[in-house]
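Inside the fold
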Amino acid sequence: FEDLEVGSELPALEKDPTTQQLVKYAGASGDFYQIHYDKDFALANNLPGVILHGALKNAFLGQLMTDFAGDGGWLRKLSVQYRGMDVPGVKLVARGKVVKKYVEGGEHLVDCEIWIENAKGEKTTPGSATVVLPSRSAS
């Protein structure tokens with residue numbers, strides 16, 4: 001907690017989603033809407049092809065934050081918005097930055113602005129998160 005400054009960037013998390021991953025995610029999540037695995041169906045619905053599940057992108061941002069929090073911390077809150085479609089076969093990068101640090105109820109909290117960027121650098125999935133981090137003063 002003490003080593004972070006407001007404005008610090010979180011370590012980026014790169015993802016290379018595949019159509020196979022979408023099929024596996026559909027099975028795991030129970031979200032079998034055809035736009036996520038049936039190219040012909042997606043094209044017939046004016047999409048560029050199959051698109052990623054919004055909840056899968058949410059999970060990518062959750063991983064960004066739990067990786068950041070590490071073994072000694074935990075994710076308190078995660079909120080995302082789906083503002084753009086992402087497709088398999090295109091690398092995505094989950095990013096974030098620290099926007100606030102504070103102590104509340106004895107917990108050392110860090111609020112972050114988070115997002116997923118597509119290959120064009122567009123933020124398709126913005127959000128926010130709060131993590132509880134370990135502190136040297138709590139040891």
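Structure shown above.
Residues numbered from 1 in each chain as written. Predicted model: local features only at pLDDT ≥ 70, side-chain atom pairs only at ≥ 80, totals over all residues. Heavy atoms only, no water.

Here the structure, examined in full by the defined rule, presents seven salt bridges. For D86, the salt bridge goes to K57, with nearest N and O atoms at 2.8 Å. On the criterion of sequence distance, the pair formed by D86 in the loop between β2 (74–80) and β3 (92–104) and K57 in helix α3 (residues 54–69) is long-range, its members being 29 residues apart. Owing to a relative accessible area of 3%, K57 belongs among the buried residues under this scheme. Linking E113 and K123 is a salt bridge whose minimum nitrogen-to-oxygen distance equals 3.8 Å. (Salt bridge = Lys/Arg side-chain N within 4 Å of Asp/Glu carboxyl O. Helix = DSSP H or I, 4+ residues; strand = E, 2+ residues; numbered from the N terminus. Buried < 20%, exposed > 50% of the residue type's maximum accessible area, 1.4 Å probe, protein only.)

Our next topic: α3. Note that an α-helix has 3.6 residues per turn; residues three or four places apart therefore point the same way. Between its first and last C-alpha atoms α3 spans 23 Å; for 16 residues at 1.5 Å apiece the expected length is 22 Å, and the two agree. Along α3, the residues that are buried comprise G54, L56, K57, F60, L61, G62, L64, M65, F68 and A69. A positive backbone phi angle near 75° is found at G70, which sits one or two residues after α3. (Expected span 1.5 Å × (residues − 1).)

Attention now moves to the packing of aromatic side chains. Evaluation of the coordinates by the stated rule reveals one aromatic pair. Centroid distance Y33 to F41: 6.0 Å. Interplanar angle 75°. Geometry classified as edge-to-face. The exposure class of Y33 is partly exposed, given its relative accessible area of 42%. Directly above the ring of F1 sits K101, whose terminal nitrogen or CZ lies 4.6 Å from the centroid. A cation over an aromatic ring shows up here: K123 above the ring of W115, its NZ or CZ 4.0 Å from the ring centre. (Phe/Tyr/Trp six-rings, centres within 6.5 Å; stacked < 30°, edge-to-face > 60°. Lys NZ or Arg CZ within 6 Å of the ring centre and 35° of its normal.)

In this section: the sheet that holds strand β4 (residues 107–117). Taking strand neighbours across the sheet as the criterion, the five strands line up as β1-β3-β4-β5-β2 in an open arrangement whose pairing is antiparallel. Where the open sheet ends on each side, the last strands, each with one partner, are β1 (13–15) and β2. Neighbour-to-neighbour, the strand axes of the sheet open up by a mean angle of 25°, direction not taken into account. Examined bridge by bridge, β2 and strand β5 (residues 123–133) share six bridges and lie antiparallel to one another. Residue pairing for β5: V80 is matched across the bridge by G127. Sitting on the sheet, α3 touches β1, β2, β3, β4 and β5, and the angle it makes with β4 is about 140°. (Pairing = 2+ DSSP bridges. Axes fitted to C-alpha atoms, helices over the stretch in contact; angles between N-to-C directions. Contact = heavy atoms within 4.5 Å.)

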